[in-house]
Amino acid sequence: MKPVLSTDEVVRLEDIIEKEGTSKAELMELAGEFVAQEVERLKPRHVLILTGFGNNGGDGWVAADVLSQKGISVDVVTPVEPDEIPAVLARHVARRTAARDVSLYVGPSRDELSALLEKADVVVDAILGTGFHGSLRSPFSIWIRTVNDASPVVVSVDVPSGLDARTGHVEDDCIRADRTVTMLAPKIGLYSGDGPEYVGELVCGELYEKMDEVIGDVEHAAEIVEPADIVDYLQHLPANVDKYSRGSVLVVAGSTQYPGAAIMAAKSAARAGAGYVCVAAPEPCANIIRLALPSIPVVGIPYDSRGSFGAAARSAVCDLAKKYSCVLCGPGMTVSAGGMDVALGLLELDVPLILDADALNCLAKASIGGIDQTPEMYRREAPLIMTPHYRELSRLVGGDEVSDLVSAIDAAQKIVWAAGSDNLVVVAKGPTTAVVGVEKVLLPMSGPASLATAGSGDVLAGILAGSMALWADQVDIWELLVSYAVAIHSYTGFAAAEEYGEKSVIATDLIDLIGPAMHLAGDEALRSLGLLDGEGA
Ligand SMILES: NC(=O)C1=CN([C@@H]2O[C@H](COP(=O)(O)OP(=O)(O)OC[C@H]3O[C@@H](n4cnc5c(N)ncnc54)[C@H](OP(=O)(O)O)[C@@H]3O)[C@@H](O)[C@H]2O)[C@@H](O)CC1
Ligand SMILES: Nc1ncnc2c1ncn2[C@@H]1O[C@H](COP(=O)(O)OP(=O)(O)O)[C@@H](O)[C@H]1O
Ligand SMILES: [K+]
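All values derive from a computational prediction rather than experimental measurement. (Residues numbered from 1 in each chain as written. Chains lettered and ligands numbered in written order. Predicted model: local features only at pLDDT ≥ 70, side-chain atom pairs only at ≥ 80, totals over all residues. Heavy atoms only, no water.)

> Explanation requested: the site of ligand 1 in the structure shown.
In the region of ligand 1, 21 residues are neighbours, and Asp59, Gly129, His133, Ser135 and Asp158 sit closest. Between ligand 1 and the protein, one listed contact pairs an oxygen atom with a backbone N or O atom of Gly131 at 2.9 Å. For ligand 1, an oxygen atom lies 2.5 Å from a polar atom in the side chain of Asp158. If ligand 1 stood free it would expose 930 Å²; the protein chains cover 81% of that surface. Mapped onto the shell around ligand 1, the elements with two or more residues apiece are α2 (24-40) and α3 (55-69). Per element, the largest residue contribution to the shell around ligand 1 is four residues, and it comes from α2. For the shell around ligand 1, the per-class residue count stands at eight nonpolar, eight polar and five charged. (Near = heavy atom within 4 Å. Polar contact = N/O pair within 3.5 Å; in protein donor to acceptor, adjacent residues only side chain to side chain. Areas by Shrake-Rupley, 256 points an atom, 1.4 Å probe, with all protein chains shown as cover. Helix = DSSP H or I, 4+ residues; strand = E, 2+ residues; numbered from the N terminus. Nonpolar A, V, L, I, M, F, W, Y, C, P; charged D, E, K, R; others polar.)

> How should the site of ligand 2 be read in this particular structure?
Lining the immediate surroundings of ligand 2 are 18 residues, of which Lys429, Gly430, Thr433, Gly455 and Gly457 lie closest. A distance of 3.5 Å separates a nitrogen atom of ligand 2 from a polar backbone atom of Pro448. In the environment of ligand 2, an oxygen atom lies 3.2 Å from a nitrogen or oxygen atom belonging to the backbone of Asp458. A total of 580 Å² of accessible area belongs to ligand 2 in isolation, and the protein chains cover 78% of it. Examining the composition of the shell around ligand 2, we find that four residues originate from one element, helix α16 (residues 456-471), more than from any other. Here the residues of the shell around ligand 2 are counted per class, giving seven nonpolar, nine polar and two charged.

> How should the domain arrangement of the protein be read in this particular structure?
One frequently used descriptor of interface size is the decrease in accessible area upon assembly of the parts. For the protein, the assigned domains read domain 1 (2-221) and domain 2 (227-528). When each unit is reduced to the centre of its C-alpha atoms, the spacing between domain 1 and domain 2 is 41 Å. With nine residues of domain 1 at the interface, the matching set in domain 2 holds seven residues. The interface formed by domain 1 and domain 2 holds three residue pairs in polar contact (both at pLDDT 80 or more) in total. Among the residues making up the side of domain 1 that touches domain 2, the classes are represented as five nonpolar, three polar and one charged. (Domains from an automatic or database assignment. Contact = heavy atoms within 4.5 Å.)

Shown next, in the form of structure tokens:
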């Protein structure tokens, strides 16, 4: 797994590295050299480097120096003369570079900049990095708009200029990069909010050769889960399994209004590997589910006047639930008094439990001011996985704003820290999904925007339930198993987008692609471990 840091922790890391004997001036040289190396890969003849007032610009000046010494023609744009650059380190490297064979343009007009952009094969954006805050000021607001209008090939240094590296928020405008070369470790803002829209391909220059010795001394905002990290869950089934030893899932879901959610979740659980899946649904919708899923038994449960779980549902569901390796509760069940009773009843059982969708809305309704105020409601011995999207997560914590990855991680941490249990994981679902436990925040591979379609969450909940049933006995770190399920869901998104087209994917398409998604994940894991060549088996 690869760490992702907050900007404050990046500063701490730089201080630690300095204490270990590598100065910030040396880091800037290494950063500039790394940028130059990444730019050189693109085989440009003419490079335009845009620099700002700070050390991000310093990286750009070093890159200009290195590239010009390799015989590449380099134009450097700066807002002020090198002697007037306020940041000391950046001023030093700017003066040095200005004396080399580069062409300098101080404070060019928009037309002059457009003309420079036209000449360039590659543009290096070293205008603003982690020091950017507030609203974009002139001339950078004009430069950024001019660059984006010209749409050249852009390599951004550390962070695309205009992106807040703390939150991923873009207030006014931001460089749209083809590649972002980030330094030391990726910043959380590259994954949050608007970040993924602007970053392009992300490359990290670790710069410091003994990074392994110091990275543990700073707090990680999150860790990226790579294919090799989930390889344990991609193994073949042992030959001697039977349908029960593969693990069983009870899907407590559906209502007259939303039988489809139960169908999708149950079918996904079976496709994800559970040997036996059963649905417990309000009696009036049980037949629809039976007809849709011939391989899955459906138990009709007492219901209310709206066709949702009724007053007698709790004991019926809880009696059944005890027999399963894992219970998934929530998809399509609506928020009803009976549903709330069912969710609270399941929390009291000693069975691995996934609460999704309306089960979470029921919990939110059962609490005043957020569930983190009443952790006794969800603190338990057996594993509990909650899978809220941003709006559900906001409801769970009493209405706090949850609008991006950073605020979603904050909200999820409130929930897990209040209970303090190792077996509790909140899956904060969004364009980038965070798997949040008491000690770890994991970022599994994200899927395509095609996944933003109604019912996609029901499929994820099913994949998670099937995976939990299959692997429950072999889990050390619940966050990792959950990350595996999120990654498989992401791969179904890519496979479906390829088959049906990005905009045409619907949630039911994802279900039959769970198997192919496991193959894709397996190939990628083996390839990253050097056990598979080329495009896969
Ligand atoms: N230190 C190290 O070891 C290493 C650092 N590294 C590099 O340093 C970068 C961080 O450098 P940094 O801290 O100098 O900040 P940086 O992003 O250049 O911006 C600061 C300048 O921008 C200005 N500015 C701010 N907001 C603005 C706005 N809204 N609109 C307009 N201007 C605005 C701000 O002005 P001020 O707010 O002070 O008035 C100040 O002049 C980091 O991203 C990485 O690339 C790497 O080399 C690795 C080693
Ligand atoms: N823009 C996006 N890019 C990638 N994945 C996304 C995007 N938007 C949503 N998703 C994923 O799609 C799923 C949507 O789940 P959810 O909102 O619960 O859907 P539903 O309630 O309709 O079943 C989540 O797994 C989420 O991470
Ligand atoms: K930048």
